[in-house]
Amino acid sequence: MTAPHRELKRASVPNAMGHVVLAFAERSLRPGELGGLRDQLWRTQTYLYVTPGPRLIERALAGFPAEIRTLGGRCPFYRYDARGGGGYWPDRNEIWLAAGVETYEGLRQVRLSACHELFHFICWNHPRYRADEDRGFARLRKAVADSRTVVKNYPRYRGWVTGSFLRQGDHANVVEYFADIPTNFRETSELPPAIAAHFAPLIDGAPFPDEFEQELASDEYDLARFQRSLAPS
């Protein structure tokens, strides 16, 4: 996949005015009215507000440990001319996110979308998590498999796995799972213990478990097997 190359930049004054309009519309309009406004705006491909990359990184990673915010702050993060979409491109080690997310999906959604993509970047650039990715996420997959019998005790996590994540088909893979957990769970207490321990250094700055550096046999990654391991037993 080739990353977009046309960066969209906005002048600060009209951008700030657009933010006021968009925030007012989100607070004041009913869902149908907001959808109608978005349809009208898209006829002229209008972007009311586009958060600049560095500011969006800061907002998306607010509340995460300082080490994670510093690492994420190194990410080249660009906005491009499109209504939706985007992603992290490891070959370029940069993120491109559509300029229309704020206007056509929402001011809250843009932070979630940015946070998700930033954790792809963080995984790729953090030596310990990158080592696990290079092994096909062997340690993460073991944490998931070891958690099957206790998933029922973590209702928010169980609901997210069964009601949202696993419904995405092929997109419900281990790479997306890695980025989705810190994006959707800011409290490790909502996660099964083995999964919480794996992500705790990212979420709340807890130290890595002693066994994190332990070598694991990395069996070949299989999407169907990974998805079965996520389902509560």
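Residues numbered from 1 in each chain as written. Predicted model: local features only at pLDDT ≥ 70, side-chain atom pairs only at ≥ 80, totals over all residues. Heavy atoms only, no water.

Asker: Where do I start with the environment of A172 in this structure?
Answerer: Within the fold, A172 resides in the loop between α9 (155-163) and α10 (174-184). Given a relative accessible area of 0%, A172 falls into the buried group. For the pair A172 and A131, spaced 41 residues apart in sequence, the C-alpha to C-alpha distance is 21 Å. Not counting residues up to four positions away in its chain, the partners in contact with A172 are F165, L166, L223, F226 and Q227. (Helix = DSSP H or I, 4+ residues; strand = E, 2+ residues; numbered from the N terminus. Buried < 20%, exposed > 50% of the residue type's maximum accessible area, 1.4 Å probe, protein only. Contact = heavy atoms within 4.5 Å.)

Asker: Is there a simple way to think about the environment of F77 in this case?
Answerer: Mapping F77 onto the fold places it in strand β1 (residues 77-80). Sequence separation between F77 and N15 is 62 residues; the distance between their C-alpha atoms is 18 Å. In contact with F77, not counting residues within four places along its chain, are G53, L56, I57, I95, L97, A114 and L118.

Asker: Looking at this structure, how should I read the packing of helix α8 (residues 138-146) against α10?
Answerer: A pair of packed helices can be characterised by two numbers: the angle between their axes and the separation between those axes. One way to put it is that α8 packs onto α10 with a least axis distance of 11 Å and a crossing angle of 75 degrees. It follows from the interaxial angle that α8 and α10 lie roughly perpendicular. Across the interface between the two elements, L140, R141 and V144 from α8 touch V174, Y177 and F178 from α10. Broken down by class, the residue content of the contact of α8 with α10 amounts to five nonpolar, no polar and one charged. (Axes fitted to C-alpha atoms, helices over the stretch in contact; angles between N-to-C directions. Parallel < 35°, antiparallel > 145°, perpendicular 65-115°, else oblique. Nonpolar A, V, L, I, M, F, W, Y, C, P; charged D, E, K, R; others polar.)

Asker: Would you mind showing me how to read the sheet that holds strand β3 (residues 94-98) here?
Answerer: Each strand in a sheet pairs with another by means of backbone hydrogen bonds, the pair being arranged parallel or else antiparallel. On the basis of which strands lie adjacent, the open sheet formed by three strands has the order β1-β3-β2 and mixed pairing. With partners counted over all chains shown, the strands left at the sheet margins are β1 and β2 (86-89), one partner each. Adjacent strand axes in the sheet meet at a mean angle of 15 degrees when their direction is disregarded. By the bridge criterion, four bridges tie β2 to β3 in an arrangement that is antiparallel. Bridge pairing in β3 links W89 to E94. Packing against the sheet, helix α6 (residues 107-125) makes contact with β1, β2 and β3, and its axis sits at approximately 10 degrees to β2. (Pairing = 2+ DSSP bridges.)

Asker: Would you mind going over helix α3 (residues 53-60) with me for this structure?
Answerer: The α-helix winds at 3.6 residues per turn, so residues separated by three or four positions along the chain end up facing the same way. For α3, the full list of buried residues reads G53, L56, I57 and A60. Along the long axis of α3, the arc covered by the buried residues comes to 105 degrees, so they all point the same way. Along α3, exposed side chains directed more than 90 degrees from the buried face belong to P54 and E58. (Arc of directions from axis to C-beta.)

Asker: Got a minute to help me understand the nonpolar core in this structure?
Answerer: Generally speaking, soluble globular proteins have nonpolar side chains that are buried together. Membership of the largest hydrophobic core comes to 54 residues, with the highest contact counts inside it found for F119, Y157, Y177, I181 and F199. The element best represented in this core is α6, accounting for eight residues. Not counting the four nearest positions on each side in its chain, F199 is found in contact with Y129, L140, Y177, F178, I181 and P182. (Core = buried A, V, L, I, M, F, W, Y, C linked by side-chain atoms within 4.5 Å.)

Asker: Hey, could you run me through the pairing of β3 in this one?
Answerer: Put simply, side chains in a regular strand alternate between the two faces of the sheet. With respect to burial, β3 is a largely interior element, five of its five residues being buried. Here β3 shows no split at all, with E94, W96 and A98 on one side and I95 and L97 on the other all buried.

Asker: Quick question: what am I supposed to make of helix α2 (residues 31-43) here?
Answerer: Look at α2: 19 Å from first C-alpha to last across 13 residues, which is about the 18 Å you get at 1.5 Å a residue. Regarding α2, the residues found buried are L34, R38 and L41. Down the axis of α2, the buried set is contained in an arc of 65 degrees. They therefore lie on one face. Residues of α2 that are exposed and angled more than 90 degrees away from the buried face: G32, Q40 and R43. Its buried side turned inward, α2 meets α1 (12-28) and α5 (101-104). (Expected span 1.5 Å × (residues − 1).)

Asker: Explanation requested: the packing of aromatic side chains in the structure shown.
Answerer: To describe a pair of aromatic rings, you give the distance between the ring centres and the angle between the ring planes. Under the definition given, this model contains 21 aromatic pairs. Both rings, one in Y221 and one in F226, keep their centres 6.2 Å apart while their planes meet at 55 degrees; by these two values the pair is tilted. Over the ring of F208 we find R128, and its NZ or CZ is 4.4 Å from the ring centre. A cation over an aromatic ring shows up here: R130 above the ring of W124, its NZ or CZ 3.7 Å from the ring centre. (Phe/Tyr/Trp six-rings, centres within 6.5 Å; stacked < 30°, edge-to-face > 60°. Lys NZ or Arg CZ within 6 Å of the ring centre and 35° of its normal.)

Asker: Could you clarify how one ought to interpret unusual backbone geometry in this entry?
Answerer: With a phi angle near 50 degrees, Q45 is a residue other than glycine that sits in the positive phi range. Structurally, the position occupied by Q45 is in the loop between α2 and α3. Look at Q45 and you get partly exposed, because its relative accessible area is 45%. Here the phi dihedral of F137 falls at roughly 55 degrees; this positive angle occurs in a residue that is not glycine. Position of F137 relative to the elements: it lies in the loop between α7 (127-134) and α8.

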